[in-house]
Structures are given as structure tokens and as C-alpha cells.
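Observations on the model geometry
Read off the chains here:
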Amino acid sequence: MSGSGANPGGQGRPGGRGKAGQNGQGSSGGSAGSGRGDGGPGDASRRNAKGRERNRGPQRSFTEQAPSQRTRRADPARLVAFEVLRAVAQDDAYANLVLPARIRHHHLDKRDAGFATELSYGALRSQGTYDAILARCVDRPLDQLDPAVLDALRIGVHQLLAMRVPAHAALDQTVGLARAVIGAGPSALINAVLRKVTARTLDEWLDLLVAGETDETKIASLRYAHPEWIVRAMRQSLVAHGRPASEINALLEADNAAPVVNLVALPGLGSLDEALETGATPGELVEGSALSSGGDLGRLSSVRAGTTRVQDVGSQLVARALAAVDLGTAADAGTGPNAAADRSREAWLDLCAGPGGKAALLGALAHQRGATLLANEPAPHRAKLVGQALAAVPNDSWQVRTGDGRDVGAEQPEGFHRVLVDVPCTGLGALRRRPESRWRRSPKDIADLGPLQRELLASALAAVRPGGVVAYVTCSPHPAETTAVVADAIRKRDNLELLDAGAALDAVSLTGDLGAGHELTAQLWPHIHHTDAMFLALIKKKS
């Protein structure tokens, strides 16, 4: 869940003012050979074609050059950002998947890759707020602009308002990008609009946008670049999981912060030594984890071997919590001298395993205990990814099933001791990692996903043995996807009980006091735990 593996810069309000990617290249807006810092005005005084001197007045920090002096090429880092925004808009692509491929295609070095990452993610993340600013600077509705022009404008706004790029460089290079890939006509419009944007700082623009507004939801939507419905949903989610509604701004701000890339060493198989030697720091929430120092993680042999993986610490916690639940004498474990051997023959199920991160961790834990894991994934291409993720685990401990998870409960009733059902959800808890997601989702998605979530949980409950446990997990805190789904399942059957998920998370955490529990379920938060907003419910089938 880490996205591209690069650490997109930016914290707090739209664009992450003052941070320009993990490599710090935003301080000057330029890099070796990129020409990012160039493009200032020429001499203040010039002679025209008739030899008369033309006084251009005071030197300005904008793109005022004569046409022959203006940049006519696309700076590779900015071109990458533009291509990412175009792929997201045109192809419904995911930025974290497109970005690494475009970086490799254009052979960006580490510094330029960091710049392109911040520019891509920042422009996408703050799209709604930037569009509100642009609407004040364009003489027509934004939906009447060519989409490519609008994306170029968003890239320009992010550089001008939220990256430490000199105004003249941001203007010149963005206009040069437009001239190279869109055309000379649109480049003139882009130049004129962006010059209007430079009239105010980000703080001044935000104050202007919310001036006279009394609706706190609308104000937060503009200041923290979230759709209004998500602001309302997140406020509701905080209260539903026992947090005060007053934390809403801190939560929205955390959504705009660059997520640190978390690593996990597969238990019994991997080691973090190599990562720690190259600058990673030990994780503070769960054993076997580390915080990456950035750079190309693919250079680590342990990552290439699959024994060390990129995985959000929230996902690590919920997987370990399921594996650590004490089933006692239930689930056919027995009470005699062979109880330990019976326990070691446990069968585990990951019902929605793609792309395989949690399956790999569960598989390693299962192998340690002599248990087996069945990883199910309906999409063949994602099932292949699950197999690749599990490749580092001895293959006698796992197998991959390609099929609809809703059928597993009927096909293998009461066949598993532990079941993870990490259901498809809106992903509202991972907005910091998926910058375009907040603008794609709608309230309708929650209603549409509800039946599938309930059917998958029903299948998981049918597949678990008496005495066994099901972990219902989402990367969304929305109560319609979390507590409501669990409550429906409990209400429909009299042989289920909730275990204390908060205590289960505490038991596998290094702190022992995460404070994530509420009414037997648990909810992690980016503004408190610095994880994705993972929800966990542990449901035991009574013997």
C-alpha cells in the first residue's frame, strides 16, 4: 500500500507547502541539467527593430522573454508529472502505478524522481482546491478548458503555491511544457492564468476562497482539499469509532501528509539488517517493521528476494492480530497431549488476498506454526501477484485459489481456523497513499459496495470452524463499511461473538497501548497512529 515506493512530499494543507519530495529538491526548483531554475526575464532595456530603445520597466519574475528566448521543451520531471495526470484523467489509471513506469521511461535520477513524485501527487491531491483557485483566474468555466490544459495549469499552481520553486522558473517551465506537448496557443493562456495565480500566496488564496463562508464543512473542504462529502463522512467516522469530531482537521491534514514507506521482514524468513544499514529506522509500532529512508528499495537484495516487503504498519498489525488470537481448546484443537500438534495443523484463509501483502505476512506466520494458508483472489492477474508475493514462503505452506470469495464458504464449510476477509472498500482510510482517490469516489460507492462486503463476510463466517475466528478488515473508517456490516452479521446469527479487537492489536504492538479499541472493534488513524485508517473486527464462531 505504499504506492510507488517513493515518498511523496507535502504535509498539511493542499500541496504540502514547503516540502518538495523526500529528496529536498524543492529548495531551488532546479536540478542538474533540467533548466528548472532558468527562464528569468531578459535585460530591462532593449532596442526595437528600428533601433529605438524600449523601456520594459522593472524586471519581473515572470515569463516575459521574447519568443525566441522562451523555453520550448518539456523538462523531463515536469513531463512525467503531466503524463501521470493525463493517465489518471484519461485512462482512470492509478498514479502510484503509472508514476514509477514514467520515471523509468524518462530515466530520471533520484532528485528529479522526487520532484516528479511531489509534483504529481501534490497536484492530484489538491485538485479540488487548485480548481477553485483557477476558477477565479480563468475567464470561462473550467469544464470548457481542454483537459490537458487544465492538467498543465494544476501542475503550475502546485509549483507556484506549494513548492519552493521560484515563480519565474515555475512559469517558464510550465509554459514550455505546454508549448512542447499541447501547442503554442494554449501555452499563452496558461502563461496568462498562472501569472494571475502568482498575485497571492496559498494562504491568501485560501482566505479569499473561504471569505464569508460559515459552513465548517465547506471551509475544511477548501482548506484541506477534500470533497465535502468526505469531510462529512470522516467526521461521522471519528464519532462512530469513539473519537471527538474536533479531530477532523487533524485527520484531513494527515491525509495530505506524505506517508512514510513502511517495511516488514517476513517472520522467520526475512531480515531488516540490510534496510537498517542503508538508513531505515526501526518501526515503533510492531516488531519486524522499519521506516524506509527513501530511495529505490528495489536495490535491496532482501526486497528483491521478497523476504522484506513494503507494507503499511496498519496492515501488519491487523494480520498479526488475527494470527495471535488464542483459540484455546476450540476449533478442534483438543485438550489432550496432542493439542499442540492439532493446533499446528491449523488451516488459514485469506479470502480477498490480492495483491498479496497481507497474504505474504500470514503465509510466513503460518509456516512458522506448521499451519497452511489458502489465499483466494477472483481476478487472475491479481492472483498471479498473490503467488509472487508468497514465493518467498516455502510452497508447502500455502496455495492460491482463483475464484469468487463468496463461494468459498459453501464449497469449504467450516474448513478453516482463522479467516482474514479484507473486503473491497472505498479506501477512504488510505487517501494519503492514493492522491487521486478522493476526487474519484462518491457516496454512491459506499452503497454499491455494501452488498458485496456483507456477502464476503457471510462466506468467511461459513468457512470458519466452530471456535475459530474471522478478521473483518477494511481500509476505510466509514461506519457503513465497518461497524454496520459487522452488526448486521452478528444480528443475523446467534453463534457469533465479538472478541476485543483493540486488545488484540495492543497484544501484537510494541507500545501495548494503541488506544484503537472502541466497543470491541478497533480503528487505526493516520493522525494518531501514523498508519492507514484500518478497521478490525474479530468475530468468533461459538463452539
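Residues numbered from 1 in each chain as written. Predicted model: local features only at pLDDT ≥ 70, side-chain atom pairs only at ≥ 80, totals over all residues. Heavy atoms only, no water.

**With respect to the overall build of the chain**
In terms of helices and strands, the chain carries 22 helices and 15 strands. Considering only intrachain contacts with a sequence separation of at least 6, the fraction spanning at least 24 residues in the chain is 75%. Summed over its atoms, the accessible surface of the chain is roughly 21,500 Å², and 49% of this surface lies on carbon and sulfur atoms. (Helix = DSSP H or I, 4+ residues; strand = E, 2+ residues; numbered from the N terminus. Contact = heavy atoms within 4.5 Å. Areas by Shrake-Rupley, 256 points an atom, 1.4 Å probe, with all protein chains shown as cover.)

**Some thoughts on the layout of surface pockets**
Empty space among the atoms can be located by rolling a probe the size of a water molecule over them. The volume enclosed by the second largest pocket comes to roughly 400 Å³. As for the second largest pocket, its lining consists of 20 residues, and the residues nearest its centre are V260, L291, R432, H529 and H530. Listing elements by their share of the lining of the second largest pocket, those giving two or more residues are strand 5 (289–291) and helix 14 (313–324). (1 Å grid on protein atoms, 1.4 Å probe; cavity = no way out; pocket = protein on both sides within 12 Å on 5 of 7 lines; lining within 4 Å. Points joined across faces, edges and corners; volume = space filled by probe spheres on them.)

**Some thoughts on the pattern of salt bridges**
Here the structure, examined in full by the defined rule, presents 26 salt bridges. Here D75 makes a salt bridge to R78, at a shortest N to O gap of 3.0 Å. Judged by its relative accessible area of 0%, D75 is buried. You can call R78 buried: its relative accessible area is 0%. For E228, the salt bridge is made with R232, and the minimal N-O distance between the two is 3.8 Å. On the criterion of helical spacing, the pair formed by E228 and R232 is a turn pair, its members being four residues apart in helix 10 (residues 228–240). Where salt bridges share partners, they join R86, D131, D151 and R154 into one cluster. (Salt bridge = Lys/Arg side-chain N within 4 Å of Asp/Glu carboxyl O. Buried < 20%, exposed > 50% of the residue type's maximum accessible area, 1.4 Å probe, protein only.)

**Comments concerning the nonpolar core**
General note: in soluble globular proteins, nonpolar side chains tend to be found buried as a group. By size, the foremost hydrophobic cluster in this structure holds 56 residues, and its most contacted members are V84, L134, L153, L161, I190, L194 and V197. Those elements giving two or more residues to this core turn out to be helix 1 (76–91), helix 2 (95–105), helix 3 (110–125), helix 4 (127–135), helix 5 (147–162), helix 6 (167–181), helix 7 (184–197) and helix 8 (202–210). The dominant element in this core, judged by the number of residues it contributes, is helix 5, at ten residues. In this structure L153 touches L134, L145, I190, V193 and L194, once residues within four positions along its chain are discounted. If you look at the next biggest cluster of nonpolar residues, it comprises 48 residues, including W348, A366, L505 and L536. (Core = buried A, V, L, I, M, F, W, Y, C linked by side-chain atoms within 4.5 Å.)

**What about the pairing of strand 11 (residues 464–474)?**
Most of strand 11 sits inside the fold, with nine of its eleven residues counted as buried. When strand 10 (residues 416–422) meets strand 11, the two strands line up parallel, connected through six bridges. If you follow L420 over to strand 11, its bridge partner there is A471. As defined by bridge partners, strand 11 adjoins strand 15 (residues 535–541) across six bridges and the pair is classed as antiparallel. Note on strand 15: the bridge partner recorded for V473 is L536. (Pairing = 2+ DSSP bridges.)

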